[in-house]
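Topology and contacts: notes
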Amino acid sequence: HTTQGNYPNRYPKGAVVPFTAGQCDREQDAIGTMNWGKTQRYAFWSIGPTGKVYQTHTLDRWGHHAGTSSWPGLGEGLSNKLLGIEVVCAGKTDNDGKAWFGKVYRGERLRVGPTVDNCQAGTYVKYTEAQEKALIDLLLWLKKNNPEEFSFDHVLGHDSIAPARKNDPGHSLSMTIPELQAKLKSL
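The text that follows walks through the structure, step by step, so that each part is easy to find. Computed from a predicted model, the values in this text were never measured in an experiment.

**Structural notes on the overall build of the protein**
Assigned secondary structure in the protein consists of four helices and 12 strands. Since a compact globule built from 187 residues should have a radius of gyration of about 16 Å, the 15 Å found for the protein is in line with a globular shape. Over its C-alpha atoms, taken along the principal directions, the protein stretches across nearly 45 × 35 × 30 Å. A total of 187 residues make up the protein; the buried ones form 52% of that total. Counting only carbon and sulfur atoms, one obtains 51% of the accessible surface of the protein, whose full area is about 8,700 Å². Computed over 22 positive and 19 negative side-chain charges, the inter-centroid distance for the protein is 5 Å.

Below is the structure:
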C-alpha cells in the first residue's frame, strides 16, 4: 500500500479497528479489500474471516485510512498517528439483515444492539470469533513491541474518531470500544 511518511516516533500511537462494510464470507474477500485499498492509495492492515492478518506496510510508516477524524489528545487527521486495522465484515445492515450490497445475513451471523458508548443502535454482522481473537492478539503484540508509544487508550473505532460519518465497528465487535480497551489492559 502507498504510505505517506513515517509516524512521528516511527510507531503508531494506537489503532483504529473498523469493518470493511463489504463481502466477508471468504478469505478472498480480505484480499479483495487489500487490492481495493491499494487502488485508492490507502494504507491499512486487514483481518480476514479466518483470523488471518494481512500486513501491507511496515509499522514505522503511515498512510491514509482514517479520513476526517479527531480524538482528544491526538488532534485531527489521525491516519498519521493510528494504524488502520480493517476487519473484513459486512458491518451494519438494515433491520432484516440486508447489507448495502444486497446480501442478506441471518441468525447467528447478526447482533442487534442499542446506542451505547461508541455504538449506534442497529443490526450488525458480527466479527467472527477468529477475527476477534486475531484483533486482540495483534493489539497486544503491537503494545508489547513498543509499550512506550502504543497505548490501549488509543485503540478506537471509526465511530469514535468520526461519529458524524462512521458507524464501525459498532456492534459488529462483541464489546464497545471502552470495553475493548479495558479488556486489553487486563490481559
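Having seen the structure, we can now continue with the description.
**A look at the packing of helix α2 (residues 129-145) against helix α4 (residues 177-186)**
With their axes 11 Å apart at the nearest point, α2 and α4 run at an angle of 60 degrees to one another. When the axis of α2 is compared with that of α4, the two are oblique. As α2 packs across α4, the resulting crossing turns out to be right-handed. Contacts from Ile136, Leu139 and Leu140 in α2 reach Leu180, Lys183 and Leu184 in α4.

**Regarding unusual backbone geometry**
With an omega of 10 degrees, the peptide bond running from Asp168 to Pro169 counts as cis. By the element assignment, Pro169 lies in the loop between α3 (158-161) and α4. Even without a glycine there, the phi angle at Ala21 is positive, about 60 degrees. For Ala21, the position within the fold is in the loop between β2 (14-16) and α1 (27-39). For Ala21, a relative accessible area of 24% corresponds to the partly exposed category. Phi at Asp117 takes a positive value of approximately 45 degrees, unusual for a residue other than glycine. Among the secondary structure elements, Asp117 is positioned in the loop between β10 (110-113) and β11 (122-125).

**Regarding the nonpolar core**
Counting residues in hydrophobic clusters, the biggest one holds 46 residues, and the most contacted among them are Leu83, Ile85, Leu139, Leu142, Phe150, Val155 and Leu180. Counting residues per element, the ones that place at least two in this core are β2, α1, β3 (45-47), β8 (82-87), β11, α2, β12 (155-156) and α4. For this core, the element with the most residues is α2, which contributes six residues.

**Overview of the sheet that holds strand β9 (residues 92-93)**
With respect to topology, three strands assemble into an open sheet ordered β9-β11-β10, the strand pairing being antiparallel. In this open sheet, the two edge strands, each paired with only one partner strand, are β9 and β10. Here four bridges tie β10 to β11, and the two strands are oriented antiparallel to one another. When the bridges of β11 are listed, Val112 appears paired with Thr123.

**A word on α2**
With 17 residues, α2 should reach 24 Å at 1.5 Å per residue; the first-to-last C-alpha distance of 24 Å fits that figure. Listed in full, the buried residues belonging to α2 are Gln131, Glu132, Ala134, Leu135, Ile136, Leu138, Leu139 and Leu142. Tucked into the core, α2 has its buried residues touching β2, β3, β4 (53-54), β8, β12 and α4.

**Here's the deal with the environment of His64**
If you trace the backbone, His64 turns up in the loop between β5 (61-62) and β6 (70-71). Residue classification places His64 among the partly exposed residues on the basis of a relative accessible area of 37%. When the C-alpha atoms of His64 and Lys133 are compared, they prove to be 25 Å apart, with 69 residues separating the residues in sequence. Not counting chain neighbours up to four residues away, the residues in contact with His64 comprise Gln4, Arg41, Tyr42, Ala43 and Ser79.

**A short note on the side chain of Ser151**
When you line up the elements, Ser151 lands in the loop between α2 and β12. Residue Ser151 is classed as buried on the basis of its relative accessible area, which comes to 18%. Among the polar contacts made by the side chain of Ser151, one reaches the main-chain amide nitrogen of Asp153 at a distance of 3.1 Å. Those residues in contact with Ser151 that lie beyond four places of it in its chain are Lys13, Gly14 and Lys143.

Cut-offs applied
Residues numbered from 1 in each chain as written. Predicted model: local features only at pLDDT ≥ 70, side-chain atom pairs only at ≥ 80, totals over all residues. Heavy atoms only, no water. Helix = DSSP H or I, 4+ residues; strand = E, 2+ residues; numbered from the N terminus. Rg over C-alpha atoms; globule rule 2.2 N^0.38 Å. Buried < 20%, exposed > 50% of the residue type's maximum accessible area, 1.4 Å probe, protein only. Areas by Shrake-Rupley, 256 points an atom, 1.4 Å probe, with all protein chains shown as cover. Lys, Arg positive; Asp, Glu negative; His and termini not counted. Charge placed at Lys NZ, Arg CZ, Asp CG, Glu CD. Axes fitted to C-alpha atoms, helices over the stretch in contact; angles between N-to-C directions. Parallel < 35°, antiparallel > 145°, perpendicular 65-115°, else oblique. Left-handed = near helix turned anticlockwise from the far one by under 90°. Contact = heavy atoms within 4.5 Å. Core = buried A, V, L, I, M, F, W, Y, C linked by side-chain atoms within 4.5 Å. Pairing = 2+ DSSP bridges. Expected span 1.5 Å × (residues − 1). Polar contact = N/O pair within 3.5 Å; in protein donor to acceptor, adjacent residues only side chain to side chain.

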